Amino acid sequence: MDAVRLHTHGGTEVLDVETVDRPSPDSDEVLVEVAAAGVNPVDTYFRDGSYAPVAVPFTPGVDFAGTVAAVGGGVDRLAVGDRVFGTGIGNGSHQGAYAEYATAPARQVVTVPEPVGMDEAGAAGVAAGTAWRALFGHAGLGPAEYCLVHGGSGGVGHAAVQLGDAVSARVVTTAAPGYHDALASLGAETVLDYGREDLEKAVLEASDGGVDVALDHRLDDYLQFDAAVAAEGCRVVGIGENDPSPGFEAVGTARSKDVRYQFMSLFNAPDLREVLSGVAHLMASDELSVELARRYDLAEAGEAQRAVMEDSFLGKLVVEP
Ligand SMILES: NC(=O)c1ccc[n+]([C@@H]2O[C@H](COP(=O)([O-])OP(=O)(O)OC[C@H]3O[C@@H](n4cnc5c(N)ncnc54)[C@H](OP(=O)(O)O)[C@@H]3O)[C@@H](O)[C@H]2O)c1
């Protein structure tokens, strides 16, 4: 089979398509013929070695959707021919999904509901799973609460906007001006340009004085900001940062409003299948649409990884082997 592989950590130029043996599933795994693999920032961290280095040769690709081609002896819930999606491979413990076939632990795999496309499902895992775990698992977002989603046009952001709307929360999001109409149609009540100088005032105005929940993917930019726009008892969930040491200077503000901060990784979820099943349900019931901005073949995986870190787009990029 064809698979994208790297033999040394580095830039996108280390990714090449190679012919390798098709893997076999272990007892608790399924073999998936990959139809689509979402492209995530985390794929680039495993490529460049900025996360713990992975053993090489290595195939990236955390997210996947496809058809079950074989099942391990200990798997009774899934069968050959099932349409499935999942996440959490391509991370050192498993080879990833930028390949014609990939193996995945069955506990990280759920079925794709019939009306949902494989391409959309293949891009859903990390983005929508993270939004689900952050907003529902950690923040306990409920109806009529104000929910601030920083960067609503991104992979996680555009899913979070829709998840917030799905539970009738009042979503305030930020994005570059070109995405405002699209985000309003995905369910945001208010869309603000993240570049405006009076952003804090605008968020406070849009949320009747403060947000109940904030989803923050750039903690180095917004850690203090989140405290400033928090309503009393606000739950801030942090998922990412560019500078790993953002510092926290808003202790007094946060304390005065009983603000709770939670930092998280999707892959700490005690039950990924529960998260993925929830995402699948929202996709099947048209509450969640994973927007696909661009598609790439295996030979273009390097360009896809460059684009996910450098380009501006709405939603997700996907590799289709
Ligand atoms: N902890 C976890 O489990 C977890 C899971 C998933 C992702 N993450 C992390 O979360 C981050 C986002 O991931 P993603 O997949 O959503 O990435 P993405 O698709 O590249 O989205 C990033 C978004 O940030 C926006 N942005 C750029 N500058 C901004 C600013 N100053 N203020 C607000 N938004 C800004 C971008 O908008 P423009 O297009 O306008 O530049 C883009 O929409 C990454 O750091 C990723 O590693 C963590």
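Along each chain, residues carry numbers from 1 onward, in the same order as the chain's sequence is written. Given that this is a predicted model, residues contribute local features only at a pLDDT of at least 70 and side-chain atom pairs are listed and counted only at 80 or more, while totals for whole chains, interfaces and linings are drawn from all residues. Side-chain descriptors were evaluated using all non-hydrogen atoms of the structure, hydrogens and water having been removed beforehand.

Asker: Would you mind showing me how to read the overall build of the protein chain here?
Answerer: A helix here means a DSSP run of H or I that spans at least four residues, while a strand means a run of E at least two residues long, and both kinds are numbered starting from the N terminus. Looking only at helices and strands, one finds ten helices and 15 strands in the protein chain. Here the C-alpha coordinates of the protein chain stretch approximately 60 × 40 × 35 Å along the principal axes. The buried label goes to any residue with under 20% of its type's maximum accessible area, the exposed label to any with over 50%, and the partly exposed label to all in between, with areas taken from a 1.4 Å probe on protein chains only. Going through the 321 residues of the protein chain one by one, you find that 54% of them count as buried. Should any heavy atoms of two residues lie within 4.5 Å, those residues are counted as being in contact. Taking the intrachain contacts of the protein chain between residues at least 6 apart in sequence as the baseline, contacts between residues at least 24 apart amount to 69%. In the structure as shown, the protein chain presents an accessible area of about 13100 Å², 45% of it carried by carbon and sulfur atoms. Lys and Arg are tallied as positive, Asp and Glu as negative. Neither His nor the chain termini are counted. Think of each charge as sitting on NZ of Lys, CZ of Arg, CG of Asp or CD of Glu. Looking at charge distribution, the protein chain has the averaged site of its 20 positive side-chain charges lying 3 Å from that of its 49 negative ones. Areas reported as accessible are Shrake-Rupley estimates using a 1.4 Å probe. Residue values count occlusion only from the protein chains shown.

Asker: Mind showing me how you'd approach the packing of helix 6 (residues 199-206) against helix 7 (residues 219-228) here?
Answerer: Think of two packed helices as two axes; the pair is described by the angle between the axes and how far apart they sit. To get an axis, fit a line to the C-alpha atoms, keeping to the stretch in contact for a helix; angles then go from 0 to 180 degrees between the N-to-C directions. Two elements in contact, helix 6 and helix 7, have axes separated by 10 Å at closest approach and are oriented at 40°. Between helix 6 and helix 7, the interaxial angle falls into the category oblique. When the axes of helix 6 and helix 7 are compared, the crossing they make is right-handed. Residue-level contacts link Leu-199, Glu-200, Val-203 and Leu-204 of helix 6 to Tyr-222, Phe-225 and Ala-228 of helix 7. Angles are sorted into four bins: roughly parallel if under 35 degrees, roughly antiparallel if over 145, roughly perpendicular if 65 to 115, and oblique for all others. Handedness of a crossing is defined here by the sense of rotation of the near helix relative to the far one, left-handed for an anticlockwise turn of less than a right angle and right-handed for a clockwise turn.

Asker: Could you clarify how one ought to interpret the site of the ligand in this entry?
Answerer: Note on definitions. A residue lies near a molecule or strand when any single heavy atom of the residue is within 4 Å of it. The ligand sits among 21 residues. The nearest are Tyr-45, Tyr-194, Tyr-222, Leu-266 and Ser-312. Contact with the protein chains hides 83% of the accessible area of the ligand, taken as 930 Å² for the molecule alone. Those elements giving two or more residues to the shell around the ligand turn out to be helix 1 (41-48), helix 3 (125-138) and helix 4 (155-166). When its residues are assigned to classes, the shell around the ligand shows twelve nonpolar, eight polar and one charged. Following the grouping adopted for this structure description, the nonpolar residues are Ala, Val, Leu, Ile, Met, Phe, Trp, Tyr, Cys and Pro, the charged ones are Asp, Glu, Lys and Arg, and the polar ones are all others, Gly among them.

Asker: In this structure, what is going on with the sheet that holds strand 8 (residues 146-149)? I would like to understand it.
Answerer: Sheets are built from strands paired through backbone hydrogen bonds, the pairs being either parallel or antiparallel. Strands are labelled as partners when DSSP assigns at least two bridges between them. The strand order 10-9-8-11-12-13 describes an open sheet built from six strands, whose pairing is parallel. Both outer strands of the open sheet, strand 10 (190-193) and strand 13 (260-263), are each paired with one neighbouring strand and no more. Across the sheet, the mean angle from the axis of one strand to that of its neighbour is 15°, orientation sign disregarded. Here strand 11 (residues 211-216) pairs with strand 12 (residues 230-238) via five bridges, running parallel. Each bridged residue has a counterpart across the sheet, and for Val-213 the counterpart in strand 12 is Arg-235. Sheet strands touched by helix 3: strand 8, strand 11, strand 12 and strand 13. Its angle to strand 11, the strand with the most contacts, is close to 150°. Against the sheet, helix 6 makes contact with strand 8, strand 9 (170-175), strand 10 and strand 11, and its axis sits at roughly 175° relative to strand 10, the strand it touches most.

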